[in-house]
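Observations on chain architecture
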Amino acid sequence: MRTFEYGAATAIDDAVARLADDENAMLLGGGTNLVDLMKLGVVGPTTLIDVTRLPLHDIDVAEDGSLRIGAGVTNSDLAVHPVVRQRYPVLSRAVLSGASGQLRNMATTGGNLFQRTRCVYFMDASKPCNKREPGSGCPARTGEHRNLAILGASQECVATHPSDMAVALSALDARVVVRGVDGERVLSIDDFYRLPGDEPERDNTVTRDEIVTAIEIPKPDDTAVSTYRKVRDRQSYAFAVASVAAVLDVEDGIVRGVSIALGGVAHKPWRARTAEQVLLGGAADEASFRRAMTQEMDAAEPLRDNAFKVPLVTNLVARTLVALTESGARA
């Protein structure tokens, strides 16, 4: 690991100012991903700015019923918070499905958003990778790509985003609050992340002098039910081969509201908007769910070794929506 300077930010604006003044500085929260990348030589910041002492550790319910989660809240505290467990079970389950208890105790909500891909070429500094070194190539396209993207990829990059939490936030229409030298702005979770295009090194739309301060989640409909399901190569401590975060509202056998986000299939959490449009106002049954996901997966462009994800995702979503229908449909 290269040498670096360390300093603790005393206020949010202090962290922002330090980022703006040093183009090689990076923020340090729990460090559960960043420190690993530094050890591997994937990233080499000259300065680490510790933000764990900033006043970003609260979870608050607003007057309109929405939830505001401070960026410094640990994943463990987020998953077990009573409001999260009661109103947003999809989020609680997504967080609990990621990593180990020890890592969740350290990892922060804000840091979780910035996880980098676990593509083997990105993680190996001796290999070419457009995400790590723009213009060097993407050997994953013809090499090891079994667990990489089938949706929204480009010739430059087929990496997948690893966060479980972000998939749930996508299904919940979450908003990300960021502050920079020009003040505060709020991004939808969909606008926060980006597809690789010809700039795969950019995972998101946050500028380098901005810091995430909070995540806001709208109040869910009282009649909606939600869950998170994840397919992985081993029982625990593994990233998703594919996952789904689903929110569903069914009345008299008709889909009145639906939100579907997919993980493990794209450079960002993939919102299945085609399937949602097909389902809305239609019958809440397995045949309809499969038909909608078949149309969603028409956009898939699998590579040599990951075409299995297309039927896998279709089956996963259909079965998840059937389970939600049976648990929460209103007569």
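Please refer to the structure higher up on the page.
Calculation rules
Residues numbered from 1 in each chain as written. Predicted model: local features only at pLDDT ≥ 70, side-chain atom pairs only at ≥ 80, totals over all residues. Heavy atoms only, no water. Buried < 20%, exposed > 50% of the residue type's maximum accessible area, 1.4 Å probe, protein only. Helix = DSSP H or I, 4+ residues; strand = E, 2+ residues; numbered from the N terminus. Phe/Tyr/Trp six-rings, centres within 6.5 Å; stacked < 30°, edge-to-face > 60°. Arc of directions from axis to C-beta. Contact = heavy atoms within 4.5 Å. Pairing = 2+ DSSP bridges. Right-handed = clockwise from strand over helix to strand, strands pointing away. Axes fitted to C-alpha atoms, helices over the stretch in contact; angles between N-to-C directions. Salt bridge = Lys/Arg side-chain N within 4 Å of Asp/Glu carboxyl O. Disulfide = S-S within 2.5 Å.

What to know about helix α9 (residues 164-171)
- In terms of residue burial, α9 counts as a mostly covered element, since eight of its eight residues are buried.
- Of all the residues in α9, the buried ones are D164, M165, A166, V167, A168, L169, S170 and A171.
- A positive backbone phi angle near 55° is found at D173, which sits one or two residues after α9.

Considerations on the packing of aromatic side chains
- Following the criterion strictly, the structure yields two aromatic pairs and no others.
- Centre to centre, the rings of F114 and F192 are 5.6 Å apart; their planes meet at 80°, and the pair counts as edge-to-face. Here F192 lies in helix α10 (residues 189-192) and F114 lies in the loop between α7 (109-113) and α8 (120-123), a separation of 78 residues in the sequence.
- For F114, a relative accessible area of 33% puts it in the partly exposed group.
- On the basis of relative accessible area, F192 is assigned to the buried category, the value being 0%.
- A centroid spacing of 4.8 Å and a plane angle of 85° characterise the contact between F192 and Y193, whose relative ring orientation is edge-to-face.

Overview of helix α1 (residues 12-21)
- Among all positions in α1, only I12, A15, V16 and L19 are buried. Taken down its axis, α1 places every buried residue within 100° of arc, on the same side.
- The inward-facing, buried residues of α1 contact β2 (25-28), β3 (47-50), β6 (175-180) and β8 (211-217).

Here we look at the pairing of β3
- With burial as the criterion, each face of β3 is covered, one bearing T47 and I49 and the other bearing L48 and D50.
- Looking at chain direction, strand β1 (residues 5-8) and β3 are connected through four bridges and run parallel. Along β3, the bridge assignment pairs G7 with I49.
- Here β2 pairs with β3 via four bridges, running parallel. Within β3, the position partnered with L27 by the bridge is I49.
- The parallel pair β2 and β3 is bridged by helix α2 (residues 34-40), and the resulting crossover is right-handed.

A closer look at the sheet that holds β8
- Spatial ordering of the open sheet is given by β4-β5-β8-β6-β7, a layout of five strands whose pairing is antiparallel. The open sheet is flanked by β4 (59-61) and β7 (183-188), the only strands paired with a single partner. Strand-to-strand twist of the sheet, defined as the mean angle between neighbouring strand axes without regard to direction, takes the value 20°.
- Taken together, the four bridges between strand β5 (residues 67-70) and β8 define a ladder with antiparallel strand orientation. Considered in β8, the bridge of R68 is made with E216.

Details of the pairing of β7
- By the bridge criterion, six bridges tie β6 to β7 in an arrangement that is antiparallel. Looking across to β7, one finds that V176 is bridged to L187.
- Hairpin geometry of β6 and β7 is characterised by an intervening segment of two residues between the two adjacent antiparallel strands.

What to know about the pattern of salt bridges
- For the structure shown, the criterion picks out 17 salt bridges.
- Among the ionic pairs, R202 bridges to E199, the shortest N-O distance being 3.2 Å.
- The salt bridge involving R290 is made with E286; its shortest N-O contact spans 3.0 Å. Taken as a pair, R290 and E286 lie in helix α12 (residues 286-296) at a separation of four residues, close to a single helical turn.
- By sharing partners, the salt bridges in this structure join R68, R175 and E216 into a single network.

Digging into the state of the cysteines
- Going through the model one piece at a time under the given rule, you end up with zero disulfides.
- This cysteine, C119, is not joined by any disulfide, and C129 carries the nearest cysteine sulfur, 5.9 Å off.
- The exposure class of C119 is buried, given its relative accessible area of 8%.
- Cysteine C157 is unpaired, with the sulfur of C138 as its nearest cysteine sulfur at 5.6 Å.

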